[in-house]
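# Summary of the model geometry
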Amino acid sequence: MAIDPDELLPRPKKPSIVMGEDLSTLSVHELEARIATLESEIVRHREAMKARAASRSAADAFFKK
């Protein structure tokens, strides 16, 4: 039996949180878990922004006349 090459590829992960999704079917526990996930993503995004700002500052300082 031949193996389909498409079966070897990882399947795309469905996002656990979809912006604008109907929240009326979720429990309080599920909503709290989603909020915690979103807050951790906000922290991750802010850290990425800080890292880029630091890189930009270092580049500006290096190339400053």
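First, a word on scope: everything that follows refers to the structure included in this document. (Residues numbered from 1 in each chain as written. Predicted model: local features only at pLDDT ≥ 70, side-chain atom pairs only at ≥ 80, totals over all residues. Heavy atoms only, no water.)

## Quick word on the overall build of the chain
- When helices and strands are tallied, the chain shows two helices and zero strands.
- For the chain, whose C-alpha radius of gyration is 21 Å, the value lies well above the compact-globule estimate of 11 Å for 65 residues.
- Looking at the chain residue by residue over its 65 residues, the buried ones come to 3%.
- When the 11 basic and 11 acidic side-chain charges of the chain are each reduced to a single mean position, those positions are 14 Å apart. (Helix = DSSP H or I, 4+ residues; strand = E, 2+ residues; numbered from the N terminus. Rg over C-alpha atoms; globule rule 2.2 N^0.38 Å. Buried < 20%, exposed > 50% of the residue type's maximum accessible area, 1.4 Å probe, protein only. Lys, Arg positive; Asp, Glu negative; His and termini not counted. Charge placed at Lys NZ, Arg CZ, Asp CG, Glu CD.)

## Structural notes on the environment of L38
- Relative to the helices and strands, L38 resides in helix α2 (residues 28-63).
- The spacing of L38 and P12 is 26 residues in sequence and 20 Å in space, taken between C-alpha atoms.

## Looking at the packing of aromatic side chains
- Taken as a whole and assessed by the stated rule, the structure comprises one aromatic pair.
- A ring pair is formed by F62 and F63, whose centres lie 4.8 Å apart and whose planes are at 90°; its orientation type is edge-to-face. An identical accessibility class is assigned to F62 and F63; each is exposed. (Phe/Tyr/Trp six-rings, centres within 6.5 Å; stacked < 30°, edge-to-face > 60°.)

## Overview of the side chain of R34
- With respect to the secondary-structure elements, R34 resides in helix α2.
- Side chain to side chain, R34 and E21 meet in a polar contact 3.2 Å long.
- Beyond its immediate sequence surroundings of up to four residues, R34 is in contact with S16, I17, V18, E21, L23 and L26. (Polar contact = N/O pair within 3.5 Å; in protein donor to acceptor, adjacent residues only side chain to side chain. Contact = heavy atoms within 4.5 Å.)

## A short note on the pattern of salt bridges
- With the rule as written, the count across this model stands at three salt bridges.
- Here D60 ties to R56 by a salt bridge, and the two come within 3.3 Å at their closest N and O atoms. Of the two residues, D60 and R56 are both situated in helix α2; the distance of four residues between them amounts to about one turn of the helix.
- On the basis of relative accessibility, which here comes to 56%, the residue R56 falls in the exposed class. (Salt bridge = Lys/Arg side-chain N within 4 Å of Asp/Glu carboxyl O.)

## Brief notes about the environment of L31
- Locating L31 in the fold gives a position in helix α2.
- Accessibility expressed as a relative area gives 28% for L31, which makes it partly exposed.
- Each residue touching L31, except ones within four places of it in the same chain, is listed here: L23 and L26.

Take it as geometry only, folks, not as evidence of what the structure does.
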